[in-house]
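Given next are the chains, with one letter for each unit.
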Amino acid sequence: MCGIIGYTGINEALPFLLSGLEKLEYRGYDSAGVYVHTDDGRDMLVKEKGRVKDLEEKTKSYDLSGKSGIAHTRWATHGEPSVANAHPHVSDDGRYYLVHNGVIENYKELKQTYLSGVVFKSQTDTEVAVQLVGKFAAEGLSTLAAFRKMINLLNDNSSYAFLLVDTKTPDLLYTAKSKSPLLVGVSKSANVVTSDATAMLNLTKDFIELQDGEIAIVSKTDVKLYNEQGEYFTRQPFHLNIDPQAAEKGAYPFFMLKEIDEQAIVARHLIQHYFVDGLPHIDDAILNSIKQADRLYIIAAGTSYHAGLIGRRFFEKWAGIPTEVHIASEFAYDHPLISQKPFFIFISQSGETADSIQVLELVKRAHYASLTLANVMNSTLTRDVDFALPLLAGPEIAVASTKAYTAQIITQIILAAAVAGGHTELQGQLSRLAVDMQAVIDGKDHIKVLADDYLVNTDRAFYIGRGADADVTLEAALKLKEISYTLVEGFAAGELKHGTISLIEHGTPVIGLISQSKMAGLTRSNLEETIARGAKTMTIVTKNLANATDEIVLPELTGEMEMFGPILEAIPIQLLAYYTSLGRKLDVDHPRNLAKSVTVQ
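The structure displayed is predicted, hence computed values, not measured ones.

Definitions and cut-offs
- Residues numbered from 1 in each chain as written.
- Predicted model: local features only at pLDDT ≥ 70, side-chain atom pairs only at ≥ 80, totals over all residues.
- Heavy atoms only, no water.
- 1 Å grid on protein atoms, 1.4 Å probe; cavity = no way out; pocket = protein on both sides within 12 Å on 5 of 7 lines; lining within 4 Å.
- Points joined across faces, edges and corners; volume = space filled by probe spheres on them.
- Helix = DSSP H or I, 4+ residues; strand = E, 2+ residues; numbered from the N terminus.
- Nonpolar A, V, L, I, M, F, W, Y, C, P; charged D, E, K, R; others polar.
- Core = buried A, V, L, I, M, F, W, Y, C linked by side-chain atoms within 4.5 Å.
- Buried < 20%, exposed > 50% of the residue type's maximum accessible area, 1.4 Å probe, protein only.
- Contact = heavy atoms within 4.5 Å.

A. Layout of empty space enclosed by the protein. Applying the stated criterion across every chain, the model contains 1 cavity of 30 Å³ or more. In this structure, the largest cavity encloses a volume near 60 Å³. Taken together, C2, R74, W75, T77, H78, H87, H100, N101, G102, T124, D125 and T126 form the lining of the largest cavity. Here the element with the most residues in the lining of the largest cavity is strand β6 (residues 96-103); it accounts for 3 residues. Residues belonging to the lining of the largest cavity are distributed by class as follows: 2 nonpolar, 8 polar and 2 charged.

B. Representation of the nonpolar core within the structure. If you look at the biggest cluster of nonpolar residues, it comprises 124 residues, and the most contacted ones within it are I345, L415 and L576. Residue contributions to this core peak at 11 residues, all from helix α13 (residues 403-419). Once you skip the residues sitting within four places of it in the chain, I345 turns out to touch L296, Y297, I298, I299, F315, L371, L373 and L415. V128, F136, I151 and I217 belong to the second-largest nonpolar core, a separate cluster that totals 27 residues.

C. Main features of unusual backbone geometry. Cis geometry marks the peptide bond from H87 to P88; its omega dihedral reads 0°. Mapped onto the secondary structure, P88 falls in the loop between β4 (68-74) and β5 (89-90). Even without a glycine there, the phi angle at K179 is positive, about 70°. Relative to the helices and strands, K179 is located in the loop between β8 (173-178) and β9 (183-186). Taking the relative accessible area as the measure of exposure, K179 reaches 13% and is therefore buried. Backbone geometry places Y485, a non-glycine residue, at a positive phi of 65°. Examined against the element boundaries, Y485 turns out to sit in the loop between α16 (468-484) and β24 (487-492). For Y485, a relative accessible area of 27% gives the class partly exposed.

Structure representation (structure tokens):
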């Protein structure tokens, strides 16, 4: 959940390191640090608590002119956010500098066994790693051998993306990964190491993916790769066809608003990609494997889990396959009885979600078939499954997921239709849906007024709905709580009387989602029950189910298209969260204590 950048080349390293950190800040922003080997031979380390901009300001007080360096932005796991705990960390003899993303589970045992005489300067597990490298090198091992020996001491539950510099050869970057993402970018002027390709698109679009257990030695002109057995091998770079401007805010004040606005465009991209001659087109091998299954298991976390809840309805209703949706972190250690012919579907924005990767390892050992839906191809979850499908949402930078959520739902809809044997009306339905999505987006000014009135000055709120709307309440609650710090619950409206209604007081906001005709009247009755106890209610309703007093009216969805209600509802719930956070003068894109890619368990 931290961001790593390394540069070795012919130009000044610091601008690339700092700009890369800024683009990786979604991965963590408790503290940041940079190491540069200067042109006059000095080893310069600058660290700061807080955001990358705070580090950047601090670097102005130092001469950091040099052609190689490493940098890191941190999401704290061991030790509080502080300068001492910020990366890079330094070996006791000052020879090695190291940054790390992941968790070393057995760091206390390693510290006690090997490093009892070392005075530690931080509370982190990472410092144990760099001190071990320093110790083994001092005992006579080469840097590569010391690096490998340290890695081999980590237990199986540990995760890491390491980037190491030896001050004796400062233009070489030593890097390795397991269960945490890391790429090597190659160009004519420099080679780089990065947690996410989008951080280095201003330099290169060509990247070499590292796989678990591999080590790379990166110079400004060459990349040497070694497998777990220490054997040298080569791997061709892949080309990433992404416009660097797609990862920029442009004229928007925050990435989240930009990404909300892009959702109709993403829907159209999915239609263009997945339809041929008016029918959904998915590779036959994927369809045949799913059709052979007696049960589907959707594995995901957070927003992706909520998208899976919506997708389940399409797999069951259209494809006729029983489907379960599971939280990855729970399934990994407490899974249910598995059917005879299961098929696993992993949903992830980043493709690097640690808990989902843990489940995937179990699935692979059992030889079950698997598919990943991800926004980042060439990621662990897309590489290690049998099949993978892209979400085509483009870079999503804000911590709160928006366009990836709707892309996940639409992709599942297309997949379910393809498994069912095709759906001659679906392309037209989704095209109309994209138009309706744009209409909702264009009405954002009205939603800002409602957020200011209902939510900016409250400390609690509730979302209720029934059927698919109940699934959306979970995502609505998550969006509002994660970026506005409001205590929010989302749940099935019928559960109100089973406990939660006791929390309703005068002025408590209760927001009802209504897109399912069969249950619309019941949800309205539940809202009336909260009004009787002083609640301040708001409704988000499709036009065909609306009345004159509803606050947010969405385009009409009737017949089969009623099933698409959650996609339209997603936009106002996202905008309500955005404008509530904005009204409280919070950092919308970087909420406290969170990070975009959850790469530790």
